[in-house]
Amino acid sequence: MSGRLVLALALGATVLAPLVAPTYHVLLMLPFMAYAVALLGLNLLFGYTGLVSFGHALFLGVGAYTGAFLTSVFKVRSMEVILVAAAALGALVAAPVGALCVRYVKIYFGMLTLAFGMVFYTFVLKFYRLTGGDEGMPFLRPTLLGRSIEGLPKTDYLAGPYYYYSLAVLVLATLVMWRIVHSPFGLCLKTIRDNPTKAETLGIGVARYRWCAFVISAVYAAVGGALLGPPTGNVDPTLAYWTQSGNIVFMTLLGGFASFFGPVLGAFVFIYLQDWVMSVVPFWRLIFGAILAAIVIAAPGGLAGLWVRRPSVEASSS
Amino acid sequence: MRTTRRSFLRLVGAGAAAATVRLDAPPAFAQAGHPVKLGVLTIRAGIAAPVGAAGLRGTEWWLERVNRAGGILGRPVQLVVEEESNPKDTVERYRKLVLQDKVEAVLGGISTGVTLALGPVAEDLGTPWLSWDGTTQKGVEETMPNPRWAFKSVDNEVEAIVAGMLTARHFKGIKTVAGIGNDYSYGHDCWQAYQAVLKRYTPDVKFVLELFPKLGVTDFTSHLAAIQQSRADLLMCSFWSGDATIILKQAAAVDLFKTMKGAFTTAGGVHDSLKKNFTPEGLLLGYNTMYFDDPKGSALLKQFVREYKAKYAEYPPYECDHAYFCAESYKAAVEKAAAGSTKWPEKATVVRALEGIEVESLSGRRSWREDHVHMCNFYQGITTHKNPYDFVTIDPVEVVSTKVAMKPAGTKLFDWINSWKI
């Protein structure tokens, strides 16, 4: 089956889901779409630039808290304003953080991003009067395209208008990221990933390109964080904790960082598998961890890698 | 017909299942229709896992008794248990219980950080939610004063208020107080409330030190050194988990309580780990809403403590009582709403019946206030070694009702405390 056909079927199923799927499963698609946006950005850094960030929950948190502040403190309910503000603040925070982090690679880069992530976590936890501390802040229901939809029950709002809004943001984010990774800029990032010395020799400003990739990935994570807020209705520091950073890196590995859509697939499998395992066994973390470890061991290229590898195997056998 | 391995296993499985059915079950149970499903949200991992386990055990004990007696309106009760973790995931589990599992009500919720997010979701989904220990307070103020579907726990700071009242009664002449609590809203709010109350009873008291270590810290060496250096007359501590045990052990190593009094507002949550060899007599110790060794305890409490000890080899903490009360009050409300009929009442009728309802819980009579908040008693007292256990208990046992120790509906906490006539 060709990639385009699979993609069209997946998109069709996602569009039809609210009409045919049980409401609960439709609602589970909301964190999937939010994480998918964040993962598209993370993979620009991870899969295309070769830098593994263990602190991207910082930007998820920036996006989510931006929405919470705008809706509950500044009484700004427009989701479009929230998304733009989240993206802008994500870039603003990422600019200095990225400038410091991209001077290092491998584990040093990872540890620095982790450190900045935990600084932000501690900030939102400790500045109780500003952020609500451990109790967090309410993320009030935003308006979509200028329509308030206040009369609609929250579940119907989430499973209807908000679902399609999130899907539209995901599609738009995917198209933009597709354009980025297939542009000369994307090609330069891949060159830097594969051989930074050669890239430098070719005249590519390695640090500058890495910084740009970092800022773009932060913008995506912040937009994803803003999308995560309305379904829960409350934003709290656990969104910015290092385990969140670990989860999104794991989603990327699970789906396959070598594939453009791999991280998106990883987010989908992670969320639905976790949901299922949580309901089946009380000690679900043990089982879930074992299942995920088994998948990664059996498929080092991620789930997308299994599918991509098949044609070459068939070709070699023929 | 050929017997295959699979059909044989199926037959064995069916036989095993049939063997578990009680033949002496009452007729109503036998004729019952579909089981009534109740969702349970409980913490299963991390520092609060023992609290969650106690709540679940209390609910399971209630379940066995109710099902043995024929269920609710003749329907057996079935629990669907999901995990309480962070707000985002717990909201998703809550939605699963209501939308996917179609439960009649959801019981549980311990952390206010989580239940603040659950409250509006419960209101939206239109299913009764009876919280064990979680409130919808932001700090010490209520965020949902008029809920329809959400029923919330007693205000978080009540045990600190009770401790403030009892400090004044039992430790007369206290001039200086140091405080230690976990670095999150509960720790800070308890300290604020305790100071406000004690100040009312002892206006010249001075608060000389406040420490807020991170929840889960296990080394209190530097904190204890600071407390000793403060030379306070009394240490107030609002730890509620294993850190209460740890700080008492480390305090014993430096003889802290030979020169200082202590008020442990909530350490009764881990009461049977407070061994006599490191927990001195003479401390004020809070057990929240249930004291397992209450000499005036009901037959129900004594039976529960006996069976709990036999099953789990430990004595039950207060979370069992919160959980039992939520389940029992739901049952009573369904029966009240049915008004003698066997027809299952609408959810909206059940929540109306819950308002103001009073039932016998493990700790005694408990009720729901009209604004959907637990009303109950708090148990605190002075630690003693004169008991048959290897851990401390309390004597005398002080019982303080939420009627006097919890702010009335619609009032601000500190305005209310400052309005007391003492």
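Procedures and definitions
- Residues numbered from 1 in each chain as written.
- Chains lettered and ligands numbered in written order.
- Predicted model: local features only at pLDDT ≥ 70, side-chain atom pairs only at ≥ 80, totals over all residues.
- Heavy atoms only, no water.
- Helix = DSSP H or I, 4+ residues; strand = E, 2+ residues; numbered from the N terminus.
- Rg over C-alpha atoms; globule rule 2.2 N^0.38 Å.
- Buried < 20%, exposed > 50% of the residue type's maximum accessible area, 1.4 Å probe, protein only.
- Contact = heavy atoms within 4.5 Å.
- Buried area = accessible area lost by both parts, 1.4 Å probe.
- Salt bridge = Lys/Arg side-chain N within 4 Å of Asp/Glu carboxyl O.
- Polar contact = N/O pair within 3.5 Å; in protein donor to acceptor, adjacent residues only side chain to side chain.
- Nonpolar A, V, L, I, M, F, W, Y, C, P; charged D, E, K, R; others polar.
- Pairing = 2+ DSSP bridges.
- Arc of directions from axis to C-beta.
- pLDDT = per-residue confidence, 0-100.
- Axes fitted to C-alpha atoms, helices over the stretch in contact; angles between N-to-C directions.
- Domains from an automatic or database assignment.
- Patch = residues over 30% accessible without salt bridge, like charges linked within 9 Å, V, L, I, M, F, W, Y side chains within 5 Å.
- Areas by Shrake-Rupley, 256 points an atom, 1.4 Å probe, with all protein chains shown as cover.
- Phe/Tyr/Trp six-rings, centres within 6.5 Å; stacked < 30°, edge-to-face > 60°.

Peer 1: Break down the overall build of chain A for me, with residues and values.
Peer 2: Counting its secondary structure elements, chain A contains 14 helices and 2 strands. Relative to the globule expectation of 20 Å for 318 residues, the C-alpha radius of gyration of chain A, 19 Å, shows essentially globular dimensions. Across its three principal directions, the C-alpha atoms of chain A cover 60 × 45 × 40 Å. Among the 318 residues that make up chain A, the fraction classed as buried is 51%. Excluding contacts between residues fewer than 6 apart, the proportion of contacts in chain A whose partners are at least 24 apart in sequence is 75%.

Peer 1: Could you give an account of the interface of chain A and chain B, naming the residues involved and the relevant values?
Peer 2: Each side of the interface is counted separately: chain A has 33 residues, and chain B has 30 residues. Of the roughly 2,500 Å² buried between chain A and chain B, counting both surfaces, carbon and sulfur atoms make up 50%. It is Tyr24(A), Glu135(A) and Thr232(A) in chain A that bury the most area against chain B; as a group they hold 26% of the surface buried on that side. Across the chain A-chain B interface, the total number found is 3 salt bridges. At the junction of chain A with chain B, the criterion picks out 17 residue pairs in polar contact (both at pLDDT 80 or more). Of all the secondary-structure elements, those providing two or more residues to the side of chain A that touches chain B are α2 (23-46), α7 (154-181), α10 (206-232), α12 (262-280) and α13 (284-298) of chain A. It is α2(A) that provides the largest number of residues to the side of chain A that touches chain B, a total of 7 residues. Split by residue class, the side of chain A that touches chain B holds 16 nonpolar, 10 polar and 7 charged.

Peer 1: Just give me the short version of the pairing of strand β14 (residues 364-368) of chain B, but keep the residues and values in it.
Peer 2: All names here are of chain B. With 4 of 5 residues buried, β14 is to be regarded as a mostly interior element. Pairing of strand β13 (residues 358-361) with β14, which is carried by 4 bridges, proceeds in the antiparallel orientation. When the bridges of β14 are listed, Val-359 appears paired with Arg-366. Counted between consecutive antiparallel strands, the loop separating β13 from β14 contains 2 residues. Relative to strand β15 (residues 374-375), β14 is paired through 2 bridges, and the arrangement is antiparallel.

Peer 1: Can you tell me about the sheet that holds strand β3 (residues 105-108) of chain B, naming the residues and giving the values?
Peer 2: Residues and elements named next belong to chain B. A sheet is described by the order of its strands in space; here 5 strands give the open sequence β2-β1-β3-β4-β7, paired in parallel fashion. Two strands close off the open sheet at either side, each with one partner strand: β2 (77-84) and β7 (150-151). Inspection of the sheet shows β3 paired to strand β4 (residues 129-130) by 2 bridges, in the parallel sense. In the sheet register, Leu-107 faces β4, and the bridge partner there is Leu-130.

Peer 1: Residues and numbers for helix α8 (residues 221-230) of chain B, please.
Peer 2: All names here are of chain B. When α8 is considered as a whole, its buried residues turn out to be His-223, Leu-224 and Ile-227. Considered in projection along α8, the buried side chains sweep an arc of 95° and stay on one side of the axis. Residues of α8 that are exposed and angled more than 90 degrees away from the buried face: Thr-221, Ser-222 and Gln-229.

Peer 1: Which residues make up the confidence of the model for chain A, and what values do they have?
Peer 2: Per-residue confidence for chain A averages 90 on the pLDDT scale, and 96% of its residues sit at or above 70. Segment residues 311-318 of chain A: pLDDT under 50, and 0 contacts once partners within four positions in sequence are set aside and those in other chains are kept.

Peer 1: Give a detailed account of the packing of helix α3 (residues 57-72) of chain A against helix α5 (residues 106-126) of chain A, specifying residues and quantitative values.
Peer 2: All names here are of chain A. Viewed as axis vectors pointing N to C, α3 and α5 meet at an angle of 35°, and their least axial separation amounts to 9 Å. Contacts between α3 and α5 involve Leu-58, Gly-61, Val-62 and Tyr-65 from the former and Phe-116, Gly-117, Phe-120 and Val-124 from the latter. In terms of residue class, the contact of α3 with α5 is built from 6 nonpolar, 2 polar and no charged.

Peer 1: I'd like a description of the domain arrangement of chain B, backed by residues and values.
Peer 2: Residues and elements named next belong to chain B. For chain B, the assigned domains are domain 1 (32-154 + 299-375) and domain 2 (158-288 + 378-418). Inter-centroid distance (C-alpha atoms) of domain 1 to domain 2 is 28 Å. Each partner contributes residues to the interface: domain 1 has 20 residues there, and domain 2 has 26 residues. Taken over both partners, the interface formed by domain 1 and domain 2 buries close to 1,800 Å², and the fraction arising from carbon and sulfur atoms is 66%. Across the domain 1-domain 2 interface, the total number found is 0 salt bridges. Taken together, the links from domain 1 to domain 2 amount to 8 residue pairs in polar contact (both at pLDDT 80 or more). A class-by-class count of the residues in the side of domain 1 that touches domain 2 yields 11 nonpolar, 5 polar and 4 charged.

Peer 1: Please provide a residue-by-residue account of a nonpolar patch on the surface, values included.
Peer 2: Residue and element names in this part refer to chain A. Taken together, the side chains of Leu-11, Val-15, Leu-16, Leu-19, Val-20, Tyr-164, Val-171 and Leu-175 present a nonpolar region at the surface, about 740 Å² in accessible area. Put simply, the parts of the chain that give the nonpolar patch at least two residues each are α1 (3-20) and α7. No other element matches the 5 residues that α1 contributes to the nonpolar patch. Inspection of the secondary structure puts Val-171 in helix α7. Judged by relative accessible area, Val-171 falls into the partly exposed class, the value being 32%.

Peer 1: Residues and numbers for the pattern of salt bridges, please.
Peer 2: Overall, the coordinates contain 23 salt bridges over all chains when judged by the stated rule. The residue Lys96(B) makes a salt bridge to Glu82(B) at a minimum N-O spacing of 2.7 Å. Note that Lys96(B) is positioned in helix α4 (residues 87-100) and Glu82(B) in strand β2, a separation of 14 residues in sequence. Of the residues examined, Glu82(B) reaches a relative accessible area of 1% and is grouped as buried. When salt bridges with common partners are traced through the structure, they connect Asp275(A), Glu82(B), Arg93(B), Lys96(B) and Asp101(B) into a single cluster.

Peer 1: Please set out unusual backbone geometry residue by residue, giving values where relevant.
Peer 2: All names here are of chain B. A cis amide bond links Asp-395 to the next residue, Pro-396, at an omega of 0°. With a phi close to 55°, Asp-255 is a non-glycine residue in the positive phi region. For Asp-255, the location among the structural elements is in the loop between α9 (242-253) and β11 (261-264). The phi torsion at Ala-313 lies on the positive side, around 60°, for a residue other than glycine.

Peer 1: Can you explain the packing of aromatic side chains? Please cite residues and give values.
Peer 2: Residue and element names in this part refer to chain A. Applying the stated criterion across every chain yields a total of 38 aromatic pairs over all chains. Between Phe-46 and Phe-257, the aromatic rings sit 4.7 Å apart at their centres with planes inclined by 15°, giving stacked as the arrangement. Taken as a pair, Phe-46 in helix α2 and Phe-257 in the loop between α11 (242-255) and α12 lie far apart in primary sequence, 211 residues in all. Since its relative accessible area comes to 32%, Phe-257 is described here as partly exposed. Each ring, one from Phe-260 and one from Phe-261, has its centre 4.9 Å from the other, and the planes form 85°; the classification is edge-to-face.

Peer 1: Kindly report on the sheet that holds β14(B), identifying the contributing residues and their values.
Peer 2: Residues and elements named next belong to chain B. The strand order across the open sheet formed by 3 strands is β13-β14-β15, and the pairing between neighbours is antiparallel. Either end of the sheet is taken by a strand with one partner, and the two such strands are β13 and β15. Sheet strands in contact with helix α11 (residues 319-338) are β13, β14 and β15, and its direction is about 135° off that of β13.

Peer 1: A description of the side chain of His374(B) should follow, citing residues and the corresponding values.
Peer 2: Along the polypeptide, His374(B) turns up in strand β15. In terms of polar contacts, His374(B) uses its side chain to reach the backbone carbonyl oxygen of Ser131(B), at 3.0 Å.

Peer 1: How would you explain the environment of Ala53(B) if you had to name every residue and give the values?
Peer 2: Residues and elements named next belong to chain B. Locating Ala-53 in the fold gives a position in helix α3 (residues 49-68). With a relative accessible area of 28%, Ala-53 lands in the partly exposed category. Spatially, the C-alpha atoms of Ala-53 and Asp-124 are 28 Å apart, while their sequence positions differ by 71 residues. Not counting the four nearest positions on each side in its chain, Ala-53 is found in contact with Thr-42 and Ile-43.

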